[in-house]
Every structure is written in structure tokens, then in C-alpha cells.
Amino acid sequence: MERRDWTKQALAGLAPELLKLHHEIWAYAEPSSAEVQSAKLLCEVLRQKGFTVEENICGRPTAFIATFGAGHPVVGYLGEYDALPGLSQQAGLPRHCPVSEGGYGHGCGHSALGTASLAAALIAQQYLQTSGQPGTVIYYGCAAEEGEGVKPLMARDGYFDATDCVFAWHPGSTNGVVNMEMIAVKTAHIAFKGITAHAGGAPHLGCSALDACELMNVGVNYLREHVIQEARLQYAYLDCGGTAPNVVQDHAKLIYGVRAPKTEQAAEIMQRVVDCAKGAALMTGTTVEVTPRMGYSDLFQNKVVASILNSAAQQVGAPAWAEADFELAKQFTDQYTPAQQNDLQQTVQRLYGKEQLQQVLEKPLDTKMEAFDETKMLKIYGCSDVGDVGYVTPTASL
Ligand SMILES: [Zn+2]
């Protein structure tokens, strides 16, 4: 039997169990780092299939690694299973219909993400078992992808060191090997501590942490002029020191995010942001504590692995959508705003040409497997924690 047909047959065998798992994780819809039940469910299936599971890795209770087999090649699959706030949603409905108002939901398709990566790992396992070939399959239980991300910690702690290549995927509106590079991000919490006083009676005795935040922001806003074009400097108040204007605020806290095409560039700019914080502390007589938080390296595709993935994807082709799938998709796009409709039309026209525009808009699901073309790599201003994996082992995403 051809390898492609063998794979399809193996997948069909696993499908009922995996669909059930996908729906269960959808219903759990757990926040980043609190995906307790979702992680437990995935670990249970992996153990039952003969994988060795190590839970609670990198100091994150919902992160895990599951290993099967021995020797090379060592192939890894990244699985994610966390949800986003405010996206609680009943399954299968084309309009916003929350299960619990304001609750968490899988807006980003992570209920399918961890499950489909599991499918790939289980099929690779079946291949090793059937063929008797040496090889190791690793499923990475990547907690908190929507939050601070565990993959950079896994990379730091050496979990990818023996892995020959890693495959990742993410739901999207088109099919194909990811043909884009993403930028790096570094974030930090900046907490100022001052001295409180009555702002009317004794302002000369106070040192304002809120003033320090504002002076720091002014400094950073001047810094914008003197960083590379592609950089982004962003901040938000985590603590503005209270709600009373007649009390000198002795505590205030900001979160800063620096985005730049390369990791070193983001680090260099973040250092200058920290200098602005130090300057503001000096100006106001406060003290400042800087705590580095989430940081992702820039994401690039390993071209060799991406090409292999592309040739396999071209053989398999796009998903075989049923009529019901097209109808449901159409119910979604019918609700788009004029701006969203316009955006959709442009994408369809780019992929299918003007002649097929109306036809595709009637059945708005991608029926092609786009070809990977490394000469047409898009630069995206988003970022992903898969970037850190790509720096330690050859990685490509579908
Ligand atoms: Zn996502």
C-alpha cells in the first residue's frame, strides 16, 4: 500500500476517538496555564497508547512531554490546548452564543490543535510499530500558548536538544506549509515604588510612583523616533497607584512590550526602555524593579523540513469538505462587515483569481493545498512561541 493511503487509513481508524477528544477539550475551554483537564485527557490517551509521559515540566503544571520508541530519527509534534477569555461558545453555531457569558472559549482552534498534533504523533507511532524501523516520537504538551508560552522554557531546559525535527500546525483560513516569518517580542513588568503623602497638605513629602510611570512613558515615546522602522513599542498600566487624586501614589506598575524583526534587536531596544525607567526613577526619587516576562524569538521556517512537509502536503491535498461544511462556512462569512467582506474577497482573488471569485465566495473554504515557496516568504508582525523551537531544532509549520 502506498504510504499516503496507509496514513489515511490509519487516520480513519483514529478519527472517532480523536473527534471525541477534540469536542471534550472544546467544552473544557480552560485558560492558559490552567488547562488541567485538557492536559490530563491528552496524557491519558498518550499513556494508554504506550507513550511515557512526564508531566509538570519547566515548572508548569499543565506542560508535559510524551515519548515513544528509541533511536533516530527523533520527530517532535507540538500540541496546544488553551482557550481565550470572552470567547465562550456553543459548538457548531455560526453566531456568538456563549455557554457562559464572558467565559473562555477556543477562538483560535486550540481544541483541534493539540488533538490533530496527537493524531500525527499516533500515526508516526503506528508507522514505527508496523515497519519495525528505529525512531522516536515525541509529543510536546505546550501549555499556555495564548499566555506566556512554555516552548521558550522547553527550549531553555533542553527538551528539544535530541530532536531531529519538529512539526507544528495552527488552524488558519488557507491550507499549506506556513510561508511566513514572524517577529520577536520581549515583555517586562516595570514596578515603581515611592512614598505616599497627602497630595494637598504635604506633597513635598511624597515621591510619586505614578509620576515615574508617566515620565517613563514620555521618555519611551521620544525613544520611538530613534529605533528601527520595524520596531513596535507598546505599554499598558497594570497598576495606576489607586483612585484618589489627593493621595501621592506610592506604587504603580506598567507592562512593556517590544517587538522587532530579530530577537537581538528586541533585546537591545528593551534595554533602552529599561534605561527610560531608571531615568524616571531618578527624576522622581522612586525605586524601580524590572521583571522580564514573556519573550518569543523571531520565527523562521527551516527550508529543508518545510520542503519535505510541503511535498507530503501536496500528495495528501486539501481536506475533503462536505456540503454541510461549506454551508456552515457561508453562514459565517454572511455575517462579515463590509470591511471583512472586502478583505475576504481580496484573499480569495489572490488565491483563486478573479474568474473564480463568486464561486469560491459561495463555498468559502479553501479547497487547494497552497504550495510552499521560500522566495515568497511573508513577513508578519505577529509573533509565536514556536520561534524559540526553531532556534534549537529544525522546525516547520503547516
Ligand atoms: Zn493560536
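All figures in this text were calculated on a predicted structure; none of them were measured in a lab.

This part takes up the coordination of the zinc ion. Listed as protein donors to the zinc ion are C108 (SG), H110 (NE2) and H170 (NE2); their distances from the metal cover 2.1 to 2.3 Å. Along the chain, the residues that donate to the zinc ion are spaced as C-x1-H-x59-H. Looking at C108, the relative accessible area reads 24%, which means it is partly exposed.

Glancing now at the sheet that holds strand 10 (residues 251-260). The antiparallel open sheet is built from four strands, whose spatial order is 9-10-8-11. A strand with exactly one partner marks an edge of an open sheet, and here the two such strands are strand 9 (232-239) and strand 11 (287-296). Strand-to-strand twist across the sheet, computed as the mean angle between neighbouring axes with direction ignored, equals 20°. Against the sheet, helix 5 (residues 209-223) engages strand 8 (184-193), strand 9 and strand 10, with an angle of about 20° to strand 10. Across the face of the sheet, helix 6 (residues 263-284) comes into contact with strand 8, strand 9, strand 10 and strand 11 while running at roughly 10° to strand 8.

With the rule as written, the count across this model stands at eight aromatic pairs. With centroids separated by 5.9 Å and ring planes inclined at 20°, the aromatic side chains of F64 and Y139 adopt a geometry described as stacked. Here the residue F64 occupies a position in strand 2 (residues 64-70), and Y139 occupies one in strand 4 (residues 135-141), the gap between them amounting to 75 residues. Like Y139, F64 is buried.

Here we take up the sheet that holds strand 1 (residues 52-55). The strand order across the open sheet built from six strands is 1-2-4-3-5-14, with neighbouring strands paired in mixed fashion. Taken across any chain shown, the strands that pair with only one partner, and hence form the sheet edges, are strand 1 and strand 14 (395-397). Looking at each pair of strands side by side, their axes are set apart by 20° on average, direction ignored. As judged from the three bridges shared by strand 5 (residues 165-168) and strand 14, these two strands associate in the parallel manner. Bridge pairing in strand 14 links V166 to T395.

The accessible area lost on association of the parts is a frequent measure of interface size. Taken as a whole, the protein is organised into domain 1 (3-181 + 298-318 + 369-397), domain 2 (184-296) and domain 3 (320-367). Computed from C-alpha coordinates alone, the two centres of domain 2 and domain 3 are separated by 45 Å.

Reading the values: the criteria
- Residues numbered from 1 in each chain as written.
- Predicted model: local features only at pLDDT ≥ 70, side-chain atom pairs only at ≥ 80, totals over all residues.
- Heavy atoms only, no water.
- Donors = N, O, S within 2.8 Å, 3.2 Å for Na, K, Ca; no water.
- Buried < 20%, exposed > 50% of the residue type's maximum accessible area, 1.4 Å probe, protein only.
- Pairing = 2+ DSSP bridges.
- Helix = DSSP H or I, 4+ residues; strand = E, 2+ residues; numbered from the N terminus.
- Axes fitted to C-alpha atoms, helices over the stretch in contact; angles between N-to-C directions.
- Contact = heavy atoms within 4.5 Å.
- Phe/Tyr/Trp six-rings, centres within 6.5 Å; stacked < 30°, edge-to-face > 60°.
- Domains from an automatic or database assignment.

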